[in-house]
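Below are the chains, spelled out letter by letter.
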Amino acid sequence: MADLRTNIAGIESPNPFWLASAPPTNSGYQVQRAFEAGWGGAVWKTLGDPILNVSSRFAAVSFNGQKVAGFNNIELITDRPLEVNLKEIYETKKKFPNHAIIASLMVEPKQEKWHEIVKRVEEVGVDGLELNFGCPHGMAERGMGAASGQVPSLVEQQTYWVKEVAKTPVIVKLTPNITDITATAEAAVNGGADAISMINTINSLAGVDIDTWNTIPHVGGKGAHGGYCGPAVKPIALNMVGECARHSHINVPISGIGGISNWQDAVEFMLMGSTSVQVCTAAMHHGFRIVEDMIDGLSNYLDGKGIQSVTEIIGKSVPKYSDWGDLDLNYKIVARINNDVCINCNKCHIACEDTSHQCIDMYTEADGTKGLRVREEDCVGCNLCSIVCPEDGAIDMVEMTHELPPMTWNERQAALGKVACEVDIAAK
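Below, the structure is looked at part by part. As the structure is a prediction and not an experimental result, all values here were calculated from the model.

This brings us to the overall build of the chain. Tallying secondary structure elements over the chain gives 13 helices and 20 strands in all. Along the longest, intermediate and shortest principal axes, the C-alpha atoms of the chain span 80 × 65 × 50 Å. By residue count, 49% of the 428 residues in the chain fall in the buried class. Summarising the internal contacts of the chain: among those between residues at least 6 apart in sequence, 72% fall at separations of at least 24. As presented, the chain carries roughly 20,800 Å² of accessible surface, and 52% of it is formed by carbon and sulfur atoms. In the chain, 34 side chains carry a positive charge and 52 a negative one; their mean positions are 6 Å apart.

Here is the structure:
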C-alpha cells in the first residue's frame with residue numbers, strides 16, 4: 001500500500017487531504033470530527049478580531065441538474081472570540097497530535113498586530129500558520145484579505161513581519177482576484193514564506209431572483225459580492241497552481257485549493273505541483289466522510305501505477321505545462337466517428353456545421369443506413385465534436401502521422417528573423 005504521508009515546509013500529515021479554512025473548521029468539535037473521519041489536516045477558520053456576520057450568507061449555482069456546481073458566500077472570518085478558538089485548538093492538537101493543525105490569520109496590516117497574534121497562536125501548539133491574503137469581501141473593505149493580497153509589496157511586507165517572530169512554518173494564501181498570481185506568489189517568497197496556498201475565493205454574485213429582483217443571497221433586500229468556490233473554479237485554480245509551480249523564482253511548496261471534490265481532482269492538483277490539497281465545498285455538500293473515498297481512491301491509484309509514495313507524483317505534469325508559443329504547430333489530430341457506436345443524435349454535425357469548421361458530412365448508404373463521416377483533410381482537431389457527443393466511444397480524436405518536423409511559433413519566428421537578417425546582410 002502506498003505511503004500517503006506528506007510534508008509541506010515541515011508540516012507533516014498522515015495524508016495530503018486537508019480541510020480549508022472555512023465554515024467546516026470553525027470549531028474544535030468540527031475539526032475533531034474531521035480528524036476522526038480521516039482528514040490529514042485542517043486549516044482553522046481565520047482568526048482575528050471577532051466580527052459580526054450577516055444572515056443569509058450562502059448561495060449555490062446549479063448547472064444541468066448538478067447541485068452546487070459553484071458555491072458563493074458572504075461570510076467573514078470567525079465570529080468567535082480568539083480565546084475560545086485558541087483553547088479549542090490546544091485541546092484538538094492534544095487529542096490528535098499526528099494531524100496537522102494550521103491557524104489561518106488575518107489582522108490589520110500593522111507589524112505589531114501580526115506579531116501579537118502570531119505569538120498567541122503559536123503558544124497553543126499549531127503546526128503552522130496560513131496568512132489569509134485572499135478573502136474578497138467584507139474584510140477587504142477594511143484593508144485586509146484581498147485588499148492586501150492584490151498588492152505584492154504588502155504581501156511581501158506582511159509576510160516578513162510574520163517571519164520576524166514565527167517559529168512554525170508560514171504559508172501565504174493568495175487571492176485569485178488579480179491579473180498575475182505569480183507576482184504575489186513571488187512577493188510572498190521574497191518575504192520569507194515557507195509555502196504558498198491557492199486559490200482563495202473569486203469575486204462573484206451567485207444570481208438574481210427574477211421575481212423579487214433581489215440578489216442571491218440577499219440581506220434584507222440588499223446584496224454584496226461574495227467569494228466563489230466549488231467545482232466550477234477548479235480549472236482556474238489548476239492554472240494558477242501550475243503557473244506558480246513552473247515559475248523559477250517561486251521555489252516553495254504549494255497547497256492547492258479550488259474545486260477539489262474527489263481523489264481524481266487531488267491527483268490533478270498534485271501532478272500540477274501541490275504537496276497538499278485543501279477541500280471546503282465538497283465537505284459542506286457531502287460531509288466529512290467523503291475523505292474515506294478520497295483516501296481509498298488515491299491509495300488504489302498509486303498502487304495501480306506501482307508508486308510507493310504520494311510524494312512521487314508531485315509536479316510530474318509541470319514540465320508539460322508551457323506557453324502557447326512553445327506548442328508544436330505541426331502536431332495534428334482529427335476526429336473519427338464510430339458509426340457502430342453513434343446514436344445518430346447529430347449533435348456533432350450541428351456543432352461542427354454551425355460553430356466550427358464544417359467538416360462532418362451526413363451520408364446515406366444504398367440500403368438506407370444513415371451515418372456521419374469526418375473529412376479529415378478539413379478537420380483541425382478542435383475536439384468540439386467529441387466534447388458535445390453524449391455517447392462514450394462514438395468519437396475518437398486520433399493523432400495523425402507527422403508530415404513535417406515539430407515547429408513551434410517561437411521557433412518559426414526565430415527562423416524567420418534569422419532569414420531576414422541574413423537577407424539584410426547579403427543586401428549590404
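Next comes the rest of the write-up.
Around the barrel, which closes on itself, the eight strands sit in the order S3-S4-S7-S8-S9-S10-S15-S16 with parallel pairing between neighbours. Mean inter-strand twist for the sheet, computed between neighbouring axes without regard to direction, equals 25 degrees.

Turning our attention to empty space enclosed by the protein. If you walk through the whole model with that rule in mind, you get three cavities of 30 Å³ or more. Here the largest cavity defines a volume of roughly 460 Å³. Taken together, the residues of the lining of the largest cavity sort by class into 21 nonpolar, 13 polar and three charged. If you add up the space inside the second largest cavity, you get close to 110 Å³. Residue lining of the second largest cavity: 15 residues in total, with Cys352, Ser356, Cys359, Cys382 and Cys385 positioned closest to the centre. Within the lining of the second largest cavity, the residues separate by chemical class into 11 nonpolar, four polar and no charged.

Attention now moves to the pairing of strand S4 (residues 41–47). S4 sits mainly inside the fold: seven of its seven residues count as buried. At this point the chain moves from strand S3 (residues 17–19), through helix H1 (residues 28–37), to the parallel S4, and the crossover so formed is right-handed. Relative to strand S7 (residues 100–105), S4 runs parallel, the two sharing five bridges. The residue of S7 that forms the bridge with tryptophan 44 is alanine 103.

The space that makes up the largest pocket amounts to roughly 290 Å³. Lining the largest pocket are 17 residues, and of these Gly48, Asp49, Val107, Lys113 and Ile117 sit closest to its centre. Within the residue set of the lining of the largest pocket, elements represented by two or more residues are helix H2 (82–95) and helix H3 (111–122). It is H3 that provides the largest number of residues to the lining of the largest pocket, a total of four residues.

Attention now goes to helix H11 (residues 347–355). Those residues of H11 not exposed but buried are Cys348, His349, Ala351 and Cys352. Buried residues in H11, looked at end-on, bunch into an arc of 170 degrees, giving them a common side. Those residues of H11 that are exposed and angled more than 90 degrees off the buried face are Asp354 and Thr355. Contacts made by the buried residues of H11 are with strand S17 (333–337), strand S18 (360–364), strand S19 (370–374), helix H12 (384–388) and strand S20 (395–399).

Rules used throughout
Residues numbered from 1 in each chain as written. Predicted model: local features only at pLDDT ≥ 70, side-chain atom pairs only at ≥ 80, totals over all residues. Heavy atoms only, no water. Helix = DSSP H or I, 4+ residues; strand = E, 2+ residues; numbered from the N terminus. Buried < 20%, exposed > 50% of the residue type's maximum accessible area, 1.4 Å probe, protein only. Contact = heavy atoms within 4.5 Å. Areas by Shrake-Rupley, 256 points an atom, 1.4 Å probe, with all protein chains shown as cover. Lys, Arg positive; Asp, Glu negative; His and termini not counted. Charge placed at Lys NZ, Arg CZ, Asp CG, Glu CD. Pairing = 2+ DSSP bridges. Axes fitted to C-alpha atoms, helices over the stretch in contact; angles between N-to-C directions. 1 Å grid on protein atoms, 1.4 Å probe; cavity = no way out; pocket = protein on both sides within 12 Å on 5 of 7 lines; lining within 4 Å. Points joined across faces, edges and corners; volume = space filled by probe spheres on them. Nonpolar A, V, L, I, M, F, W, Y, C, P; charged D, E, K, R; others polar. Right-handed = clockwise from strand over helix to strand, strands pointing away. Arc of directions from axis to C-beta.

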